[in-house]
Amino acid sequence: MEVTTRLTWNDENHLRKLLGNASLSLLYKSSVHGGSIEDMVERCSRQGCTITMAYIDYNMIVAFMLGNYINLRESSTEPNDSLWFSLQKKNDATEIETLLLNTAPKIIDEQLVCRLSKTDIFIICRDNKIYLDKMITRNLKLKFYGHRQYLECEVFRVEGIKDNLDNINRIIKAREHRNRLLADIRDYKPYADLVSEIRILLVGPIGSGKSSFFNSVKSIFHGHVTGQAVVGSDITSITERYRIYSVKDGKNGKSLPFMLCDTMGLDGAEGAGLCMADIPHILKGCMPDRYQFNSRKPITPEHSTFITSPSLKDRIHCVAYVLDINSIDNLSSKMLAKVKQVHKEVLNCGIAYVALLTKVNDCSEVLQDNFLNMSRSMTSQSQVMNVHKMLGIPISNILMVGNYASDFELDPMKDILILSALRQMLRAADDFLEDLPLEETGAIEGALQPCI
């Protein structure tokens, strides 16, 4: 008879994400294979990395991960890095807390004991009971300590990771940094409350990843990969309407304080792609949401939906030049001329700008160990310098991301790059707002100069 885990599909999915998309194979289940510690250790010895999980109740799991169940009867068991975590279900969501310790597990009096500096911090006892030290429960945000009955104990072999926990520790730190970035953006307010939402314009060649960047940002705040904006190829632009996308914090959450404005892609050929005469109208806030682009004819004040007197909130506050990092060296002279023409209009309007280099192959290699800065490889450094020379954009404002294009699951490394780029755009927009002339900042509710 096949032995199945007590883990729900959702809980297993959360665990796989925590462990870098590793796979789990059930080795031991106390209700099937026997409740003695000897049975468990015998069955799980020399299996590589394992996770031992105690199901406290239907909404709480406490687990630890170690390299191998070996030599647990020896008195001189050496301490090893072990990852401890709890999964708790609260309000239809699963919360995970983690803790990395250097512990020495061993069998004492038919019990599995984990020690830290000669103190017993965790014990799997006889009669389906566990003991948790107050230090463990405090760090894992559990509301109990001491002895507790458990429903089931399971041990899994973890496949697809190295035997040491360095990579998992990096993933845990990445998740923590990702959560800090999410909190920063959720708490963000535009400079001096001059506007309620920052408008960020995404502009670049066809297929560079403009729509994908919006989809990626939305995916992170919704907690799963989404695809609201239809994505095109590097040949034909799918985006034919001007879209002003808001992003909600979760499916039913409040709108976040920024909007991403998606345009038709630039095309090197004449009469194709985004009409260059539309650029000033977009920057000044004259173009309405869902306007149908015409590559050969720009919007005019005579158009029925043309915004003739846009206010500060309608304007673009930051422009992101979206470029495929793998195609920068292959930009045609005509495409480069169009990008420079857009940049000239942006400079004329005094709007903040950044460059967003997309389609980074390995996000983990781009990030330094502290996740605060980008560790530029020789290839990416060359492309950054090319963009710096091409458009005169400060190197600190040349950002790299890997969008969610063909992915099924979120990746904390990708999330960090995407959220860091978004935060830098918001900061650049704040610089633009702070630098506005007094007469414009006083016209928040009123109109700015007519858009003609």
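What you see is a predicted model; the values in this text were computed from it and never measured.

1. Some remarks on the packing of aromatic side chains
Alright, step 1. Scanning the entire structure with this criterion turns up 7 aromatic pairs.
Alright, step 2. When the centroid spacing of 4.9 Å and the interplanar angle of 25° are considered together, the rings of F64 and W84 count as stacked. Of this pair, F64 sits in strand β3 (residues 60–66) while W84 sits in strand β4 (residues 80–90); the two residues are 20 residues apart in sequence, bridging distant segments of the chain. W84 matches F64 in its accessibility class, with the two residues each being buried.
Alright, step 3. Ring centres of W84 and F122 lie 5.1 Å apart, and the angle between their planes is 75°; this geometry places the pair in the edge-to-face category. Here W84 is found in strand β4, whereas its partner F122 is found in strand β7 (residues 119–125), with 38 residues between them in sequence. Like F122, W84 is buried.
Alright, step 4. The rings of F64, W84 and F122 are connected pair by pair, giving a single aromatic cluster.
Alright, step 5. Its end group placed over the ring of Y55, R6 keeps NZ or CZ at 6.0 Å from the ring centre.
Alright, step 6. Positioned over the ring face of F144 is R148, at 4.6 Å from the centre of the ring.

2. Some details on the domain arrangement of the protein
For interface size, the figure often reported is the accessible area lost on association.
Alright, step 1. Domain parsing of the protein yields domain 1 (9–161) and domain 2 (190–435).
Alright, step 2. Computed from C-alpha coordinates alone, the two centres of domain 1 and domain 2 are separated by 45 Å.

3. With respect to the sheet that holds β7
Alright, step 1. Sheet architecture is open: 10 strands sit in the order β1-β10-β2-β3-β4-β5-β6-β7-β8-β9, paired in antiparallel fashion. Among the strands making up the open sheet, the edge pair consists of β1 (23–29) and β9 (146–149). Going across the sheet, the axis of each strand differs from the next one's by a mean of 30°, ignoring polarity.
Alright, step 2. The sheet contact formed by β7 and strand β8 (residues 129–132) spans 4 bridges and is antiparallel. Residue pairing for β8: I124 is matched across the bridge by I130.
Alright, step 3. Running over the sheet, helix α1 (residues 9–18) touches β1, β2 (50–57), β3, β4 and β5 (93–108) and is turned about 70° from β5.

4. Points about the sheet that holds strand β12 (residues 243–248)
Alright, step 1. With respect to topology, 6 strands assemble into an open sheet ordered β12-β13-β11-β14-β15-β16, the strand pairing being mixed. The sheet is open, and its two edges are formed by β12 and β16 (398–400), each paired on a single side. For this sheet the average axis-to-axis angle between neighbouring strands, irrespective of direction, equals 30°.
Alright, step 2. Where β12 lies against strand β13 (residues 255–262), 5 bridges are found, and the strand directions are antiparallel.

5. Focus on α1
Alright, step 1. If you check which residues of α1 are buried, you get D11, N13, L15, K17 and L18.
Alright, step 2. If you follow the buried residues of α1, they end up packed against β1, β2, β3, β4, β5 and α5 (166–187).
Alright, step 3. Two residues or fewer past α1, G20 is found with a positive phi of approximately 75°.

6. Topic: the nonpolar core
Alright, step 1. In this structure, I200, F221, Y242, F258 and V319 are the most contacted members of the largest nonpolar core, which totals 90 residues.
Alright, step 2. Of all the elements, helix α11 (residues 412–434) adds the most residues to this core, at 13 residues.
Alright, step 3. What Y242 contacts, discounting residues up to four positions off in sequence, is L201, C261, D262, T263, I282, M287, P288, D289, R290, Y291, F293 and I316.
Alright, step 4. Ranked by size, the runner-up nonpolar core spans 32 residues in total, among them L27, C114, L142 and F144.

7. Let's talk about the pattern of salt bridges
Alright, step 1. By the definition in use, this model includes 14 salt bridges.
Alright, step 2. The salt bridge involving K141 is made with E97; its shortest N-O contact spans 3.8 Å. Here K141, found in the loop between α4 (134–139) and β9, pairs with E97, found in strand β5; they are 44 residues apart in sequence, far enough to count as distant.
Alright, step 3. Classification of K141 by relative accessible area gives exposed; the value is 53%.
Alright, step 4. A relative accessible area of 22% means that E97 is categorised as partly exposed.
Alright, step 5. Two residues, R115 and D120, come together in a salt bridge whose shortest N-O distance is 2.6 Å.
Alright, step 6. A relative accessible area of 27% places D120 in the partly exposed class.

8. Focus on the pairing of β2
Alright, step 1. The buried fraction of β2 is high, at 7 of 8 residues.
Alright, step 2. In this sheet, β3 lies alongside β2 in antiparallel orientation, the contact comprising 7 bridges. The partner of A54 across the bridge, within β3, is V62.
Alright, step 3. Between β2 and β3, which follow one another and run antiparallel, lie 2 residues.
Alright, step 4. Two elements, β2 and strand β10 (residues 152–159), share 6 bridges in a ladder whose sense is antiparallel. Bridging from a neighbouring strand, Y55 pairs with E152 of β10.

Parameters at a glance
- Residues numbered from 1 in each chain as written.
- Predicted model: local features only at pLDDT ≥ 70, side-chain atom pairs only at ≥ 80, totals over all residues.
- Heavy atoms only, no water.
- Phe/Tyr/Trp six-rings, centres within 6.5 Å; stacked < 30°, edge-to-face > 60°.
- Helix = DSSP H or I, 4+ residues; strand = E, 2+ residues; numbered from the N terminus.
- Buried < 20%, exposed > 50% of the residue type's maximum accessible area, 1.4 Å probe, protein only.
- Lys NZ or Arg CZ within 6 Å of the ring centre and 35° of its normal.
- Domains from an automatic or database assignment.
- Pairing = 2+ DSSP bridges.
- Axes fitted to C-alpha atoms, helices over the stretch in contact; angles between N-to-C directions.
- Contact = heavy atoms within 4.5 Å.
- Core = buried A, V, L, I, M, F, W, Y, C linked by side-chain atoms within 4.5 Å.
- Salt bridge = Lys/Arg side-chain N within 4 Å of Asp/Glu carboxyl O.

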